[in-house]
Structures are given as structure tokens and as C-alpha cells.
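Inside the fold
For reference, the chains in residue letters:
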Amino acid sequence: ATCDIMAGQEVTFWYTDDCEDIVLANYGFTHPLVKRCLTGKEWQERSIMWQEAAEDLERQLVVAWDEVERLQRLLIACGDEGVVGDDDSPIDEVEGNQQK
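This one's a predicted model, so the numbers in the text were calculated from it and none came from an experiment.

**Topic: the overall build of the chain**
Check the secondary structure of the chain and you find three helices and zero strands. Each helix and strand of the chain, placed in order from N terminus to C terminus, yields the pattern α-α-α. Here the chain, with 100 residues, has 8% of them falling under the buried criterion. The contacts in the chain between residues at least 6 apart in sequence include a share of 12% that link residues at least 24 apart. Here the chain displays about 8800 Å² of accessible surface, and carbon together with sulfur accounts for 56% of that area.

**A look at the pattern of salt bridges**
As enumerated under the stated definition, the model contains four salt bridges in all. Salt-bridge contacts for glutamate 67 lead to arginine 70; the nearest nitrogen and oxygen are separated by 2.8 Å. Here arginine 70 and glutamate 67 lie together in helix 2 (residues 40-77), a separation of three residues that amounts to about one turn. A relative accessible area of 34% places glutamate 67 in the partly exposed class.

**Looking at helix 2**
An α-helical turn contains 3.6 residues, so a residue and the one three or four places further along point in the same direction. For helix 2, built from 38 residues, the straight-helix expectation of 56 Å at 1.5 Å per residue is met to within 8% by its first-to-last C-alpha distance of 55 Å. Phi for glycine 79, located one or two positions after helix 2, is positive at around 80°.

**What to know about the confidence of the model for the chain**
Looking at the chain as a whole, the pLDDT averages 80, with 68% of positions reaching at least 70. Mean pLDDT values for the elements of the chain range from 50 in helix 3 (residues 90-93) up to 96 in helix 2.

Rules used in this analysis
- Residues numbered from 1 in each chain as written.
- Predicted model: local features only at pLDDT ≥ 70, side-chain atom pairs only at ≥ 80, totals over all residues.
- Heavy atoms only, no water.
- Helix = DSSP H or I, 4+ residues; strand = E, 2+ residues; numbered from the N terminus.
- Buried < 20%, exposed > 50% of the residue type's maximum accessible area, 1.4 Å probe, protein only.
- Contact = heavy atoms within 4.5 Å.
- Areas by Shrake-Rupley, 256 points an atom, 1.4 Å probe, with all protein chains shown as cover.
- Salt bridge = Lys/Arg side-chain N within 4 Å of Asp/Glu carboxyl O.
- Expected span 1.5 Å × (residues − 1).
- pLDDT = per-residue confidence, 0-100.

Here is the structure:
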């Protein structure tokens, strides 16, 4: 610096996503811009939210797989068997997908 810096004028910065408890434990000081840590109740609420989101995505995936299977049956019924089960078909590469 080209000028004298007085105590309290320092610019403190570091790169971390940690909350204030962890920053204080690791560095021995914290800063007003460091976010506070979540409480146990907040973690539990967040966990429930993520679990609900995962379950919703799982339901959407089941619906999508049902639609894929329906479309495969429709293609077979139309006599287009060469498309379904073809070696280049990405559908065959997905684990657990079995031709009916």
C-alpha cells in the first residue's frame, strides 16, 4: 500500500462458502459479511424439502419411462420393429430397460 492503513481500515477478504461458526473455528475471527450457520431445525427443513423434490423427480421419471414403453409398444404394433431394439438405440443402453 502507498498510504498508512489504520486498525479498522483493513480490507479483509478470503474465499469460502463456510458459515461463521466454521470460519471462526478455522481462522479465529469472522466478519459481518460471513453468513450465519443454519440451525438444526433449518437443516431438517432443508432436508425435507430436498427429499420431497427427489421424490417428485422420481415420479416424473416413472411417468417418462411409462411413456417410453408405451411408444415402444406403439412402434412395434405399427410394424416398425427395426427402430426399437436397434443396436444404436439409446433406449437399449439404459440399465433396467427391457424389451417386451
